[in-house]
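Here is what each chain is made of, one letter per residue.
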Amino acid sequence: MNHLLAWLANLIAVYALILIGWTIVRRPTDLAYAFSNLFRQKRRSLVTLSSIVLGGVAIFLFGGFVDYSFWSLREQTIRTNLGHVQIYKKGYLASGEATPLKYGIADYEGIRRMLVEDPILQPLIKTVTGQLAFSGIVSNYDSGVSTFYTAVGVEPESSLLLGSLDRIVLGSDLSRVDDTGATIGAGLARGLAVSYDSQIDMLAINPAGGQNAMSAHVRGVMESGIKDYDDRVLKMPLKTAQTLLETKEVSKIIVLLNETDRTAQAQARIERVIEERGLQLETRPWSSLAVFYDQVVNLFNGIFFFIKTIVSTIVVFMISNTMMMNVLERTREIGTLRAIGLTEREVSRLFLLEGVIMGFVGAVLSIAVGIALAELININGVPMPPSPGYSRGYLAFIRWTDDWSLFWFSSVLAIVTAFAASILPARRASKLVIAQAFRHS
């Protein structure tokens, strides 16, 4: 439905441009006449123009807000230990298991070097890191509390990039020189009643099926903003996690890129390299792993489409009503134009030109006013409450510099609504009977 409406809007905008171009070449006097009529009725033209600009600015600002929300959620999703591309041993995702014994990747260092030294991938990749995911029971014997945890062994250096949006609320992040330190989620810290430097004891199942235990101290407490994640997460150095599970393998390799838009290109090249080396690995892009992100985007797109429809309808009716009043007040003028030889099509074209000119002026003003208001809002941002599933609010901004579709739609909205609103008044003006027009008072 969105694509159909976009195609129809483009068609109308192209027709409006062709109408303006044809008039400039073949009938420049008609264009001058349409301009003079707009400036003759200054108050009515101002009301019509205000309606167009109001609708265009509303769409521009809301579209920029939605675009920023999508971008912010996307980057937060990617940088919460997800990355742009994940590499697994074949069968890992299909089985639903996370046992390093069966689905672990053995030669992690060799695969990492293979990726970062590839001449095509090298300019695309920001970092490549291995992770070892497992779960178990963690205890704080001082308070007598135990709970389930979901742990991930990470490389401390790369965790600064993959966890760059995690906020350390107590202590500090992981250190490569501190093998016994762990960073835990704020919810897990509250559940265990621990603070900085508290000792915790972890129990995990090793690949052979046995139980391994290890003591660690809380190096830091972090808050990602995702409540379910913060209630269970525990991060520790990768080598420490491998020692706990008695393995040298990793459960997945994460590739973080410099640009999210290059994900498909990077994934295709990674798969090509894997195939050339004959490795039993498979890849997944972040978009297929982030189900929640897709659900939020689809929801917002539906809301945005509804708002665009309502705003467009209101603007069309407001402009159409104003132009219809214009036709009634200029009935004698229309009769005179018909009497001196103008055809119905030529009279209709004059009113359509007025609408199209108003649309083009409204498009320029909508973009200009929209940018000015967006920059004003972006000075301090707009405080927003926590999104569903999140534990803290955020500052929203209007993101317009990288979204040319926002400029396109705001401009097309002004042109298309002005043109569509002119059709009925133009038809009514062209159908006036000359004798009745002269008798009109």
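Reading the values: the criteria
Residues numbered from 1 in each chain as written. Predicted model: local features only at pLDDT ≥ 70, side-chain atom pairs only at ≥ 80, totals over all residues. Heavy atoms only, no water. Helix = DSSP H or I, 4+ residues; strand = E, 2+ residues; numbered from the N terminus. Rg over C-alpha atoms; globule rule 2.2 N^0.38 Å. Buried < 20%, exposed > 50% of the residue type's maximum accessible area, 1.4 Å probe, protein only. Contact = heavy atoms within 4.5 Å. Areas by Shrake-Rupley, 256 points an atom, 1.4 Å probe, with all protein chains shown as cover. Phe/Tyr/Trp six-rings, centres within 6.5 Å; stacked < 30°, edge-to-face > 60°. Core = buried A, V, L, I, M, F, W, Y, C linked by side-chain atoms within 4.5 Å. Pairing = 2+ DSSP bridges. Expected span 1.5 Å × (residues − 1). Bend = angle between axes of the 7 residues up to and from the residue. Polar contact = N/O pair within 3.5 Å; in protein donor to acceptor, adjacent residues only side chain to side chain. Salt bridge = Lys/Arg side-chain N within 4 Å of Asp/Glu carboxyl O.

Side note on the overall build of the protein chain
Thinking step 1. When you go through the protein chain residue by residue, the secondary structure sums to 17 helices and 12 strands.
Thinking step 2. Computed over its C-alpha atoms, the radius of gyration of the protein chain comes to 31 Å, more than 25% above the 22 Å expected for a compact globule of 441 residues.
Thinking step 3. Counting across all 441 residues of the protein chain, residues that qualify as buried make up 51%.
Thinking step 4. Counting contacts in the protein chain only where the partners sit at least 6 residues apart, residues at least 24 apart contribute 78% of the total.
Thinking step 5. Carbon and sulfur atoms make up 61% of the accessible area of the protein chain, which amounts to about 21900 Å² in all.

Observations concerning the packing of aromatic side chains
Thinking step 1. Enumeration according to the criterion identifies 8 aromatic pairs in this entry.
Thinking step 2. Ring plane angle 75° and centroid distance 5.6 Å describe the contact between Phe60 and Phe407, whose orientation is recorded as edge-to-face. Of this pair, Phe60 sits in helix H3 (residues 42–78) while Phe407 is found in helix H16 (residues 404–430), placing the two residues 347 residues apart along the sequence.
Thinking step 3. Measuring from ring centre to ring centre gives 5.1 Å for Trp286 and Tyr293, while their planes differ by 65°; the resulting arrangement is edge-to-face. For the pair Trp286 and Tyr293, one class covers both residues: buried.

Considering the nonpolar core
Thinking step 1. Residues Phe60, Tyr293, Ile319 and Trp400 are the most contacted members of the largest nonpolar core, which totals 61 residues.
Thinking step 2. Those elements that provide at least two residues to this core are helix H1 (2–26), helix H2 (28–40), H3, strand S9 (252–257), helix H13 (291–329), helix H14 (331–339), helix H15 (344–378) and H16.
Thinking step 3. With residues up to four places along the chain from it excluded, the contact list for Phe60 reads Ile367, Gly370, Ile371, Ala374, Trp400, Leu406, Phe407 and Ser410.
Thinking step 4. Within the second largest apolar cluster, 44 residues are counted, among which are Val85, Ile200, Ala204 and Leu234.

Some words on the pairing of strand S3 (residues 145–154)
Thinking step 1. Here 9 bridges tie strand S2 (residues 125–140) to S3, and the two strands are oriented antiparallel to one another. The residue bridging Phe134 from the neighbouring strand is Ala151, located in S3.
Thinking step 2. What sits between the antiparallel neighbours S2 and S3 is a turn of 4 residues, in which Gly144 has the positive phi angle 70°.
Thinking step 3. Relative to strand S8 (residues 233–237), S3 runs parallel, the two sharing 5 bridges. Across the sheet, the residue bridging to Thr150 is Val233, located in S8.

Focus on the side chain of Gln86
Thinking step 1. Looking at where Gln86 falls in the secondary structure, it is placed in strand S1 (residues 85–89).
Thinking step 2. With residues near it in sequence (within four places) discarded, Gln86 still touches Asn81, Lys252, Ile253, Ile254, Glu282, Thr283, Arg284 and Leu289.

Points about H16
Turn by turn, an α-helix covers 3.6 residues, leaving residues three or four places apart pointing in a common direction.
Thinking step 1. In this model, H16 (27 residues) spans 38 Å end to end at C-alpha, consistent with the 39 Å of a helix rising 1.5 Å per residue.
Thinking step 2. Most pronounced at Ile423, the bend in H16 amounts to some 30°, and the proline Pro425 follows within four residues.

A look at the side chain of Ser139
Thinking step 1. Tracing the sequence through the fold places Ser139 in strand S2.
Thinking step 2. A polar atom in the side chain of Ser139 sits 2.7 Å from the side chain of Ser146.

Considerations on the pattern of salt bridges
Thinking step 1. Taken as a whole and assessed by the stated rule, the structure comprises 7 salt bridges.
Thinking step 2. Here Arg269 makes a salt bridge to Asp118, at a shortest N to O gap of 2.8 Å. Residue Arg269 is located in helix H11 (residues 263–277), and its partner Asp118 is located in the loop between helix H6 (108–116) and S2; the two are separated by 151 residues in the primary sequence. Of the two residues examined, Arg269 and Asp118, each falls in the buried class.
Thinking step 3. Put simply, Glu223 and Arg167 hold a salt bridge, and the shortest N to O gap is 2.6 Å. With Glu223 in strand S7 (residues 211–223) and Arg167 in strand S4 (residues 167–171), this pair connects stretches of sequence that are 56 residues apart.
Thinking step 4. The class of Glu223 is buried, set by a relative accessible area of 16%.
Thinking step 5. Looking at Arg167, the relative accessible area reads 42%, which means it is partly exposed.
Thinking step 6. Through salt bridges that share partners, Arg74, Glu75 and Arg79 make up one connected network.

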